[in-house]
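Structural description and commentary
Take a look at the letters that make up each chain.
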Amino acid sequence: MSKNMTSRIPGFHTMSVEERLAKLAELTDLDQDAVAHFANTGNLEAGTADRMIENVIGTMNIPIGVATNLIIDGRETLVPMATEESSVVAAVCNAAKQCRAAGGIATGTSGSLMIAQVQLVGVSDPENARFKILERRDDIRAICDETDPVLLKHGGGYKDLEVRVLETADGPMVITHLIVDTRDAMGANAVNSMAEAVGPKIAEWTGGRVFLRILSNLADRRLARARAVWPVDEIGGPDVRDGMLSAFRFADADPYRAATHNKGIMNGVSAVVLATGNDTRAIEAGAHAYAARTGRYRSLTKWECDADGNLVGSLEIPLAVGLVGGATKVHPTAQAALRIMGVGTADELSRIVAAVGLAQNFAALKVLATSGVQKGHMALHAKNIAVMAGAEGDEVDALADRMRELGKIRVDVAEELLGELRAGKR
Ligand code: NAD
């Protein structure tokens, strides 16, 4: 990483794609191969794609943009985001800029523990079966360690055991949780293999029938946390702060609003997860299940006002992301994306993802509490509307500007303005 590393790059959004890549090569560990890789937008070879999934016929390209202005745990950090949605990258840049003066975003994690579930059915004495399984802790550890010695070598592997009796419509089920540290792997395959290896033994020890053996995506022992202070003067004053707090309280009280609020957080989270070749569905399932952990679906973030009147945000979210396994090592873009961020562990990656999610939520709350989302979206869209109405050349900007002034960005208005403009010219 360059000594002059900064994530504050004025005018980055006005540069050409080539200029942006050159800037990243100057500031980050992005080498010339990676630059050439990004510059080639058809960069996933058919052979590689064909080995990733079944029945391949092509690839689907999604833009990758870089979020600027982020300071994460005191480190200037540039973050690649893969998304098809406009405004998502710009929103993170804006939010990050407004908390730079206060030091940026601080993060942490709870560890890298994943849970695999083994379902036992058909026992008439479930409590007795539960104890029998718990007594086999050492045997279970040995089976898990034998299943994945590589994980063990990296300091991971079996850590703990939990057995619950679950009342269901089919009667009691005994659910064993294998708690496994999967280190730099997301860990789905790793823990699934352990659950499959332990399953037959649980059946033997209890006399029941083992049915499902699979991880839980509710990775609540693999939480990433991000928090930041946005100085009240940086964000536009106390009215903006109070509007944002009210918007948060609405989301926290109402699942209809919380779904959209959390979707906004996932705009940032999923974009980084995708850019690094990780499993977006696993992360999304975990996030939404975690949001409902109290029995009611709520906001994943919390927003408060500190003693000095500043806005304080925090996000806690399960983030099972990896640097090895799945597509992370296979997809060349994922490798190049990691170089931009300069991360060396899955733990570091998950912190960055959480920081981006928090910044994304700040931006969404601010726009909703002030101008509303449509203003920004429609301002961008005004040029398209002008073209739809038949504007050409200089007329496009002239019409777009006029519609923005009028606050009416519609095709019928554009057509009327175009008629007036052309009549005026004659
Ligand atoms: P994996 O099995 O491909 O790789 C993980 C393995 O890499 C470990 O088991 C370990 O043996 C080895 N390894 C080498 N270096 C390591 C290190 N430093 N830290 C940890 N492990 C190291 O992948 P995975 O992470 O077990 O599984 C992820 C894949 O599983 C993703 O593609 C995901 O989409 C898929 N998947 C997800 C689900 C789900 O989320 N419900 C279910 C099934 C599969």
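Notes on the structure follow. All of these numbers come straight from a predicted model, not from anything done at the bench.

The rules behind these values
Residues numbered from 1 in each chain as written. Predicted model: local features only at pLDDT ≥ 70, side-chain atom pairs only at ≥ 80, totals over all residues. Heavy atoms only, no water. 1 Å grid on protein atoms, 1.4 Å probe; cavity = no way out; pocket = protein on both sides within 12 Å on 5 of 7 lines; lining within 4 Å. Points joined across faces, edges and corners; volume = space filled by probe spheres on them. Helix = DSSP H or I, 4+ residues; strand = E, 2+ residues; numbered from the N terminus. Axes fitted to C-alpha atoms, helices over the stretch in contact; angles between N-to-C directions. Parallel < 35°, antiparallel > 145°, perpendicular 65-115°, else oblique. Left-handed = near helix turned anticlockwise from the far one by under 90°. Contact = heavy atoms within 4.5 Å. Buried < 20%, exposed > 50% of the residue type's maximum accessible area, 1.4 Å probe, protein only. Lys, Arg positive; Asp, Glu negative; His and termini not counted. Salt bridge = Lys/Arg side-chain N within 4 Å of Asp/Glu carboxyl O. Nonpolar A, V, L, I, M, F, W, Y, C, P; charged D, E, K, R; others polar. Near = heavy atom within 4 Å. Polar contact = N/O pair within 3.5 Å; in protein donor to acceptor, adjacent residues only side chain to side chain. Areas by Shrake-Rupley, 256 points an atom, 1.4 Å probe, with all protein chains shown as cover.

Points about empty space enclosed by the protein
Any empty space left between atoms is shown by rolling a water-sized probe over those atoms. The tally for this structure, following the rule as stated, stands at one cavity of 30 Å³ or more. The computed volume of the largest cavity comes to approximately 50 Å³. Lining the largest cavity, in full, are Met-114, Met-186, Ser-216, Asn-217, Ala-219, Ala-282, Ile-283, Gly-286, Pro-318, Leu-319 and Ala-320. Of all the elements, helix α11 (residues 280–291) adds the most residues to the lining of the largest cavity, at three residues.

A short note on the packing of helix α9 (residues 238–253) against helix α10 (residues 255–275)
Where α9 contacts α10, the two axes come as close as 6 Å, and the packing angle between them is 115°. As summarised for this structure, α9 and α10 are arranged roughly perpendicular, according to the angle between their axes. α10 is crossed by α9, and the crossing has left-handed handedness. Here Phe-250, Ala-251 and Ala-253 of α9 lie close against α10, whose contacting residues are Pro-255, Arg-257, Ala-258 and His-261.

Considering the side chain of Arg-222
Of note, Arg-222 is situated in the loop between β7 (209–215) and β8 (223–230). Despite its burial, Arg-222 pairs with no opposite charge; the closest candidate is Asp-181, at 6.4 Å N-O.

Focus: the packing of helix α15 (residues 394–406) against helix α16 (residues 411–425)
Here α15 crosses α16 at 125°, and the two axes come no closer than 10 Å. With respect to α16, the axis of α15 lies oblique. Between α15 and α16 lies a crossing whose hand is right-handed. In contact with Glu-395, Leu-399, Arg-402, Met-403 and Leu-406 of α15, α16 contributes Val-413, Ala-414, Leu-417, Leu-418, Leu-421, Arg-422 and Lys-425. Counted by class, the contact of α15 with α16 contains eight nonpolar, no polar and four charged residues.

Some remarks on the site of the ligand
In the vicinity of the ligand, 21 residues are found, and the nearest of them are Asp-148, Gly-187, Ala-190, Asn-217 and Asp-279. The backbone of Ala-188 places a nitrogen or oxygen atom 3.4 Å from an oxygen atom of the ligand. Contacts to the ligand include Asp-279, whose side-chain N or O atom sits 2.6 Å from an oxygen atom. Relative to its unbound accessible area of 870 Å², the ligand is 73% covered by the protein chains. Every element with two or more residues in the shell around the ligand is listed here: α7 (149–153) and α8 (188–206).

Keep in mind these values describe shape, not function.
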